[in-house]
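# Survey of secondary and tertiary structure
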Amino acid sequence: NGVQGDVFREFDPWHTYQYRSAREGPFPLWNPHIFCGFPMHANAQSAMLSPFHWVYFVIDPKWAAGLVAALKLWVAGFATFCLGRRLGMVASGAFVAGAAWMLSAFLVRWLQWNHSASAALLPVVLVTLDALIERVSLRRLALAGLAATALQLCGHPETQFHVGVLAGVFDLLRVWLLEITQPAKVRRVLVCAA
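Report follows, based on the coordinates. (Residues numbered from 1 in each chain as written. Predicted model: local features only at pLDDT ≥ 70, side-chain atom pairs only at ≥ 80, totals over all residues. Heavy atoms only, no water.)

### Structural notes on unusual backbone geometry
The phi dihedral of alanine 47 falls on the positive side, at around 45°, and the residue is not glycine. Considering the arrangement of structural elements, one finds alanine 47 in the loop between β2 (38–39) and α2 (61–86). Its relative accessible area of 4% is what places alanine 47 among the buried residues. Although it is not a glycine, histidine 156 sits at a positive phi angle of roughly 55°. (Helix = DSSP H or I, 4+ residues; strand = E, 2+ residues; numbered from the N terminus. Buried < 20%, exposed > 50% of the residue type's maximum accessible area, 1.4 Å probe, protein only.)

Given below as structure tokens:
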């Protein structure tokens, strides 16, 4: 299947190289097997430091690929469930929302690509931003920063950009709906932008 070609031509060899480098000792900064050499760590598409890909440092990719796919789907579904509950949905409604996002055509279609890793973290970013909007604290700012860092490590900058735009729109809408003074609204938007 030509559409699926990126998986076996690019992603599988990158994951295998990541696993073998970890077994042999050196941190895989450079991949000598592509052209005359190619950055491995600096290559956003390889997403070597993605939280979903950490498993490739210890488990052979041919055995870990299913685990990584299941982890992406679980994070997407559970985080969407948590977001639904934060937004006041009943448990069954939040469950349906989580199942709908977890099994959405986008996530399932791009499951073996980095698109799905970035998209799976969308509800995680929104949950942390919503908590930060609710009450500004250093701990909540650190959690939102951690979610944004995980997103940046997931690869596929285009999907990261879409997640960032959606997070910005979510932030503006949630702050606009708060019944607080205008200066407090501006402060919360700036904190979320940080």
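That was the structure; now back to the text.
### A word on the environment of arginine 135
Checked against the element boundaries, arginine 135 lands in the loop between α6 (122–134) and α7 (138–153). The exposure class assigned to arginine 135 is partly exposed, which follows from its relative accessible area of 46%. With 13 residues separating them along the chain, arginine 135 and alanine 148 place their C-alpha atoms 18 Å apart.

### Side note on the packing of aromatic side chains
All told, the structure shown has six aromatic pairs when counted by the stated rule. Geometrically, the ring pair formed by phenylalanine 27 and phenylalanine 57 is stacked, given 6.5 Å between the ring centres and 20° between the ring planes. Of this pair, phenylalanine 27 sits in the loop between α1 (5–24) and β1 (30–31) while phenylalanine 57 sits in the loop between β2 and α2; the two residues are 30 residues apart in sequence, bridging distant segments of the chain. Where phenylalanine 78 meets phenylalanine 81, the ring centres are 6.4 Å apart and the plane angle is 25°; that geometry is what we call stacked. (Phe/Tyr/Trp six-rings, centres within 6.5 Å; stacked < 30°, edge-to-face > 60°.)

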